[in-house]
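Residues per chain are reported as follows:
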Amino acid sequence: MKNKLINIRTEALADVRVAGTIDALEDIRIKYLGRKGALTLILRSLGNVPPEERASIGKLSNQYKSDIETALDDKKNELTHTSSGGMIQKQWIDVTLDRETATARESLGRLHPITQIQYEIEDIVTSMGFEIHDGPEVETDYYNFEALNIPRHHPARDMQDTFWTEDGNLLRTHTSAIQVRAMEKRKPPFRIVGPGRVFRYESTDASHENTFYQVEGMMVDRDITVAHLIYVMKELLKEIFQRQVTVRLRPGYFPFVEPGFELDIHCLICDGAGCSVCKQSGWVELLPCGLVHPNVLRMGGIDPEVWSGFAFGLGLNRLVMMKYGINDIRHFLSGDIRFLMQF
Ligand code: DAH
């Protein structure tokens, strides 16, 4: 009986030693210590053992039972640790990995160059006391034309052809519509800018797109003159280009301003000497502007006898093209990642 017990113990401990999984350990426990396990059967049959041996066999059986239990527990601990250890090794992610050295950096996105310059301009003009306003891209005839002194049958409508919706609205042709909306919201004096995307029915080529970006500006106060307009425009352009710029005004016709101007700057590429960018003229047309027409103020609910103002419409595509020497406006909406990655 004693030998049988010793064999069971030796065999059980050997089984435990080679077990590779927690499930295998459970099988071993059942095999030796379960209800019909080898050791259990011996303990149960103690009644048949001669009385003089019973005590010592009983003691030994209990001793071996606890040896096997301890071995099972130890092995279980060992397996749990190595398997979670293995998992840690396999699935380890260094969440502290430096972004600069991570390869993921290559696929990070960035702001479109037009958005970048829009944000720069917003920073500059807000520091000059302008508020940023917004408006819808699908506009009504009233905001895009009528309230800007371009009545329904006026030939000036032909200056801007656009896309109409079936219910009589249109994709806005310019951000000037934002001026009108701003006049309804603000009492003078005020200064606002309205950046946004605009649309024209246009045949495209290197310098024409059907979709482009502008920033509208408007200042209304008492006794505003062309001198105020020129000063603010020069300050704005100086900040955008980070250098002094020479400007000139030419007469320009826009129904919503009187007088209206085309503001040119001395070509920044050749400093006015003449080059291919300025077509040898030394000047680049950059910024249409003027003093707000009294009809426009009136329609915006502002008394032109008391208040006056200036307005401007800055084209962002042209600005970015000059800044980076981009030769085709169609790059902006091409979605070509090689173009966009350069900014
Ligand atoms: N809205 C005009 C356009 O897109 C540009 C413009 C001209 C805006 C003169 C103005 C302005 O505010 O005063 O062609």
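Residues numbered from 1 in each chain as written. Predicted model: local features only at pLDDT ≥ 70, side-chain atom pairs only at ≥ 80, totals over all residues. Heavy atoms only, no water.

Engineer: Can you walk me through the site of the ligand in this structure?
Structural biologist: Around the ligand, a shell composed of 16 residues is seen, among which His-174, Ser-176, Arg-200, Gln-214 and Glu-216 lie nearest. Take Gln-179: an N or O atom from its side chain is 3.3 Å from an oxygen atom of the ligand. In this structure, an oxygen atom belonging to the ligand sits 2.9 Å away from a side-chain N or O atom of Gln-214. Protein chains bury 93% of the 360 Å² of accessible surface belonging to the ligand in isolation. Judged by its atoms lying within 2 Å of the grid points, the ligand is housed in the largest pocket. Residue assignment for the shell around the ligand shows that the elements contributing at least two residues are α7 (176-185), β5 (211-221), β8 (283-292) and β9 (308-315). A class-by-class count of the residues in the shell around the ligand yields seven nonpolar, seven polar and two charged. (Near = heavy atom within 4 Å. Polar contact = N/O pair within 3.5 Å; in protein donor to acceptor, adjacent residues only side chain to side chain. Areas by Shrake-Rupley, 256 points an atom, 1.4 Å probe, with all protein chains shown as cover. 1 Å grid on protein atoms, 1.4 Å probe; cavity = no way out; pocket = protein on both sides within 12 Å on 5 of 7 lines; lining within 4 Å. Sits in = over half its atoms within 2 Å of the grid points. Helix = DSSP H or I, 4+ residues; strand = E, 2+ residues; numbered from the N terminus. Nonpolar A, V, L, I, M, F, W, Y, C, P; charged D, E, K, R; others polar.)

Engineer: Help me understand the packing of helix α5 (residues 113-127) against helix α8 (residues 226-241) in this model?
Structural biologist: For any two helices packed against each other, the geometry is given by the interaxial angle and the distance between the axes. It is at 10 Å that the axes of α5 and α8 come closest, and there the two elements cross at 135 degrees. Classified by the angle their axes make, α5 and α8 are oblique. Along this stretch, α5 crosses α8, giving a crossing that reads as right-handed. Residues Ile-121, Ile-124 and Val-125 of α5 lie in contact with α8, whose contacting residues are Leu-236, Glu-239 and Ile-240. Here the residues of the contact of α5 with α8 sort into five nonpolar, no polar and one charged. (Axes fitted to C-alpha atoms, helices over the stretch in contact; angles between N-to-C directions. Parallel < 35°, antiparallel > 145°, perpendicular 65-115°, else oblique. Left-handed = near helix turned anticlockwise from the far one by under 90°. Contact = heavy atoms within 4.5 Å.)

Engineer: Just checking my understanding: could you explain the sheet that holds β5 for this structure?
Structural biologist: Hydrogen bonds between backbone groups are what pair the strands of a sheet, and the pairing can be parallel or antiparallel. Taken in spatial order, the seven strands make up an open sheet running β1-β4-β5-β9-β8-β7-β6, and their pairing is mixed. Each edge of the open sheet carries a strand with a single partner, namely β1 (131-132) and β6 (247-251). As paired strands, strand β4 (residues 190-199) and β5 are joined by 10 bridges and run antiparallel to one another. Its bridge partner being in β5, Gly-194 is matched across the sheet by Glu-216. Of the strands in this sheet, β4, β5 and β9 are in contact with α7, which crosses β4 at around 140 degrees. (Pairing = 2+ DSSP bridges.)

Engineer: Teacher, can you tell me more about the environment of Glu-120 here?
Structural biologist: Here Glu-120 shows up in helix α5. Using a relative accessible area of 32% as the deciding quantity, one classes Glu-120 as partly exposed. Residues Glu-120 and Met-219, spaced 99 residues apart in sequence, show a C-alpha to C-alpha distance of 19 Å. (Buried < 20%, exposed > 50% of the residue type's maximum accessible area, 1.4 Å probe, protein only.)

Engineer: Before we go on, may I ask you to explain the side chain of His-174 in this structure?
Structural biologist: For His-174, the location among the structural elements is in the loop between β3 (170-171) and α7. Owing to a relative accessible area of 3%, His-174 belongs among the buried residues under this scheme. A distance of 3.5 Å separates polar atoms of two side chains, one belonging to His-174 and the other to Gln-160. If near-sequence neighbours (up to four positions away) are discounted, His-174 is found in contact with Asn-144, Leu-148, Gln-160, Val-198, Arg-200, Gln-214 and Phe-256.

Engineer: I would appreciate a short explanation of the nonpolar core in the present structure.
Structural biologist: In summary, soluble globular proteins display a tendency toward joint burial of nonpolar side chains. By size, the foremost hydrophobic cluster in this structure holds 46 residues, and its most contacted members are Ile-121, Leu-237, Phe-241 and Ile-265. Within the residue set of this core, elements represented by two or more residues are α5, β5, α8, β7 (257-266), β8, β9 and α10 (316-324). Ranked by residue count, the leading element in this core is α8, at seven residues. With near-sequence residues (within four places) excluded, Ile-265 lies in contact with Leu-237, Phe-241, Thr-246, Val-247, Gly-282, Trp-283, Val-284, Leu-286 and Met-322. (Core = buried A, V, L, I, M, F, W, Y, C linked by side-chain atoms within 4.5 Å.)

Engineer: I would appreciate a short explanation of the pairing of β8 in the present structure.
Structural biologist: Within β8, seven of the 10 residues are buried, which leaves the element mostly enclosed by the surrounding structure. Inspection of the sheet shows β7 paired to β8 by eight bridges, in the antiparallel sense. When the sheet's bridge partners are listed, Phe-261 is paired in β8 with Cys-289. Sheet topology note: the β8/β9 ladder contains three bridges and is antiparallel. Of the residues in β9, the one forming a bridge with Leu-291 is Phe-310.

Engineer: I'm lost on the domain arrangement of the protein chain in this one. Help?
Structural biologist: Note on interface size: it is often stated as the accessible area lost on association of the parts. With domains assigned, the protein chain is organised as domain 1 (2-90) and domain 2 (113-340). Each of domain 1 and domain 2 has a C-alpha centre, and these two points are 88 Å apart. (Domains from an automatic or database assignment.)

Engineer: So what exactly am I meant to see when it comes to the packing of aromatic side chains here?
Structural biologist: By convention here, two paired aromatic rings are described through the distance between centres and the angle between planes. Applying the stated criterion across every chain, the model contains seven aromatic pairs. For the pair Tyr-324 and Phe-343, a centre-to-centre distance of 4.8 Å together with 65 degrees between the ring planes defines the contact as edge-to-face. Here Tyr-324, found in helix α10, pairs with Phe-343, found in the segment after α11 (337-340); they are 19 residues apart in sequence, far enough to count as distant. By relative accessible area, which is 39% here, Tyr-324 ends up partly exposed. Using a relative accessible area of 16% as the deciding quantity, one classes Phe-343 as buried. Plain terms: the ring middles of Phe-339 and Phe-343 are 5.1 Å apart, the flat faces sit at 70 degrees to each other, and that makes the pair edge-to-face. Exposure remark for Phe-339: the relative accessible area of 8% places this residue in the buried category. (Phe/Tyr/Trp six-rings, centres within 6.5 Å; stacked < 30°, edge-to-face > 60°.)

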